[in-house]
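Take a look at the letters that make up each chain.
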Amino acid sequence: MSSHHQNPRALLTPAMRGVLDRIERAGHVPMHALSPAQAKLAYAAGAGVLDIAAHKLDRVEDLQIMARDGSAMPARLFAPASETPLPVLLYFHGGGFTVGSVATHEPLCRHLAHLAHCAVLSVDYRLAPEWKFPTAVLDAWDSLSWLREHAGRLGLDGSRIAVGGDSAGGTLAAVTAIEARDAGWPLALQLLFYPGCAGHQNTPSHKTFATGFLLEEAHISYFFNHYLRTPQDRNDWRFAPLDGVDAQGQVRELDGATPAWIGLAECDPLTDEGILYADRLRMAGVPVDLEIYAGVVHGFIQFGRAIPQALQSHNDAARALRHAFE
């Protein structure tokens, strides 16, 4: 595995190295040195800089999803023109459970809707530190429940729903897929871009790519310290679907879970746990399509203007969606 590489910087593609050098030269205050409110603003300001232009779609609709506690979550529906009810991807954005929004991930969601010819419902689940674990998990589940109930009214095909997300949103999608299995709610696919899967950052890739690869160890600790209530939360399967346990202390079995498409970045602290999660799914008999994009870092799917692998990953993910929805 490349995570034992002598000089990990040498793994980066020239384009990826160029992007990292430009970011470094810009000299922004690192996110972990900002307050959470400042971090949210800084992330929002930087999100679109390297992203593709927003794809024009026939239908873009702002919605509100009711959570179990009566809170209204903003959500946005993206869909191409269609004569018939479209299948739908329920999407959870990344951002360490602390930053990010429907807006920061809009170009990605628009592009997936266009490429996969499906609807994408992107959700503003509640963020830390105001909302600690497990609020985001409950919000993710409540949004799936809401979507199942309202799909027909929205002109969507409620029998063809996929869940997906990147990074922290990938964690939420993976956990929601397990809960859907438990509830007997069939899903078409779980679409996971570099998901967080493990409770403790102790795999080799966390050491190899700890600094200098965009998502740094200091960021991960910053996010999780805002999100988790106690150190014990790290061992909860709803935070760590790979190795976390339930209330009885048991690791969750993955048998009968939704088929998965998993896209990882080679030069990412989270790579190893993504591979291990893919392995656990396969061992449980779950079909898994695993793509590892060489020479790129965490977050690359939103760098489509600079990094060719971003568009490649969008196309691969869309192909998996089309196949799953057939």
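Only a predicted model underlies this, so the values are computations on that prediction, with no experimental measurement involved. (Residues numbered from 1 in each chain as written. Predicted model: local features only at pLDDT ≥ 70, side-chain atom pairs only at ≥ 80, totals over all residues. Heavy atoms only, no water.)

A. Fine view of the overall build of the chain. Tallying secondary structure elements over the chain gives nine helices and eight strands in all. Across its three principal axes, the chain shows a C-alpha extent of roughly 50 × 50 × 40 Å. Sequence-distant contacts, at least 24 apart, represent 78% of the contacts inside the chain between residues at least 6 apart. Summed over all atoms, the accessible surface of the chain reaches about 13,100 Å², with 54% contributed by carbon and sulfur. Computed over 26 positive and 35 negative side-chain charges, the inter-centroid distance for the chain is 3 Å. (Helix = DSSP H or I, 4+ residues; strand = E, 2+ residues; numbered from the N terminus. Contact = heavy atoms within 4.5 Å. Areas by Shrake-Rupley, 256 points an atom, 1.4 Å probe, with all protein chains shown as cover. Lys, Arg positive; Asp, Glu negative; His and termini not counted. Charge placed at Lys NZ, Arg CZ, Asp CG, Glu CD.)

B. A look at the pairing of strand 4 (residues 119-123). Across the five residues of strand 4, five count as buried, placing the element largely inside the fold. Neither face of strand 4 is exposed, since Ala119, Leu121 and Val123 on one face and Val120 and Ser122 on the opposite face are all buried. Bridging between strand 2 (residues 72-79) and strand 4 involves four bridges; their strand directions are antiparallel. Within the sheet, the bridge partner assigned to alanine 75 lies in strand 4 and is valine 123. Bridging between strand 3 (residues 86-92) and strand 4 involves five bridges; their strand directions are parallel. Bridging across to strand 4, tyrosine 91 finds its partner in serine 122. A crossover connection joins strand 3 to the parallel strand 4 through helix 3 (residues 106-116); in handedness this β-α-β unit is right-handed. (Buried < 20%, exposed > 50% of the residue type's maximum accessible area, 1.4 Å probe, protein only. Pairing = 2+ DSSP bridges. Right-handed = clockwise from strand over helix to strand, strands pointing away.)

C. Representation of the nonpolar core in the model. Formed by 71 residues in total, the largest nonpolar core has its most connected members in Leu121, Tyr227, Tyr277 and Leu281. With eight residues, helix 5 (residues 168-183) is the single largest residue contributor to this core. If sequence neighbours within four positions are ignored, tyrosine 277 has contacts with Ala174, Ile178, Leu192, Cys197, Pro241, Leu242 and Leu254. Among the nonpolar cores identified, the runner-up in size contains 42 residues, and Leu108, Ala113, Leu191 and Phe209 belong to it. (Core = buried A, V, L, I, M, F, W, Y, C linked by side-chain atoms within 4.5 Å.)

D. Quick look at helix 1 (residues 14-26). Along its 13 residues, helix 1 runs 18 Å from first to last C-alpha, staying within 8% of the 18 Å computed at 1.5 Å per residue. Buried-residue contacts for helix 1 involve strand 8 (288-297). After helix 1 finishes, the residue glycine 27 shows a positive phi value of roughly 65°. (Expected span 1.5 Å × (residues − 1).)

E. Molecular detail of the packing of aromatic side chains. Counting across every chain of the model gives 12 aromatic pairs. Three or more aromatic residues joined by ring pairs make a cluster, and in this case those are Phe97, Phe133, Phe224, Tyr227 and Phe239. Over the face of the ring belonging to phenylalanine 213 we find arginine 9, whose NZ or CZ atom lies 6.0 Å from the ring centre. Over the aromatic face of tryptophan 185 sits the side chain of arginine 148, whose NZ or CZ is 4.0 Å from the ring centroid. (Phe/Tyr/Trp six-rings, centres within 6.5 Å; stacked < 30°, edge-to-face > 60°. Lys NZ or Arg CZ within 6 Å of the ring centre and 35° of its normal.)

F. Inspection of the sheet that holds strand 7 (residues 260-267) at higher detail. If you walk across this open sheet you meet the eight strands as 1-2-4-3-5-6-7-8, and the pairing is mixed. Two strands close off the open sheet at either side, each with one partner strand: strand 1 (59-66) and strand 8. Pairwise comparison of adjacent strand axes, ignoring direction, gives a mean angle of 20° for this sheet. For strand 6 (residues 190-193) and strand 7, the ladder comprises four bridges, and the chain directions are parallel. Considered in strand 7, the bridge of leucine 191 is made with tryptophan 261. Sitting on the sheet, helix 3 touches strand 1, strand 2, strand 3, strand 4 and strand 6, and the angle it makes with strand 2 is about 45°. Across the face of the sheet, helix 5 comes into contact with strand 3, strand 5 (156-166) and strand 6 while running at roughly 135° to strand 5. (Axes fitted to C-alpha atoms, helices over the stretch in contact; angles between N-to-C directions.)

G. The arrangement of the confidence of the model for the chain in detail. Summing up the model confidence of the chain, the mean pLDDT is 97 and the portion of residues at 70 or higher is 99%. Ranking the helices and strands of the chain by mean pLDDT puts strand 3 first, with 99, and helix 1 last, with 95. (pLDDT = per-residue confidence, 0-100.)

H. Seen up close, the pairing of strand 7. Buried residues dominate strand 7, accounting for eight of its eight residues. The parallel pair strand 7 and strand 8 is bridged by helix 8 (residues 271-283), and the resulting crossover is right-handed.

I. Molecular detail of helix 4 (residues 135-150). Look at helix 4: 22 Å from first C-alpha to last across 16 residues, which is about the 22 Å you get at 1.5 Å a residue. Burial within helix 4 is extensive, with 12 of its 16 residues counted as buried. Buried residues of helix 4: Thr135, Ala136, Val137, Asp139, Ala140, Trp141, Asp142, Ser143, Leu144, Trp146, Leu147 and His150, and no others.

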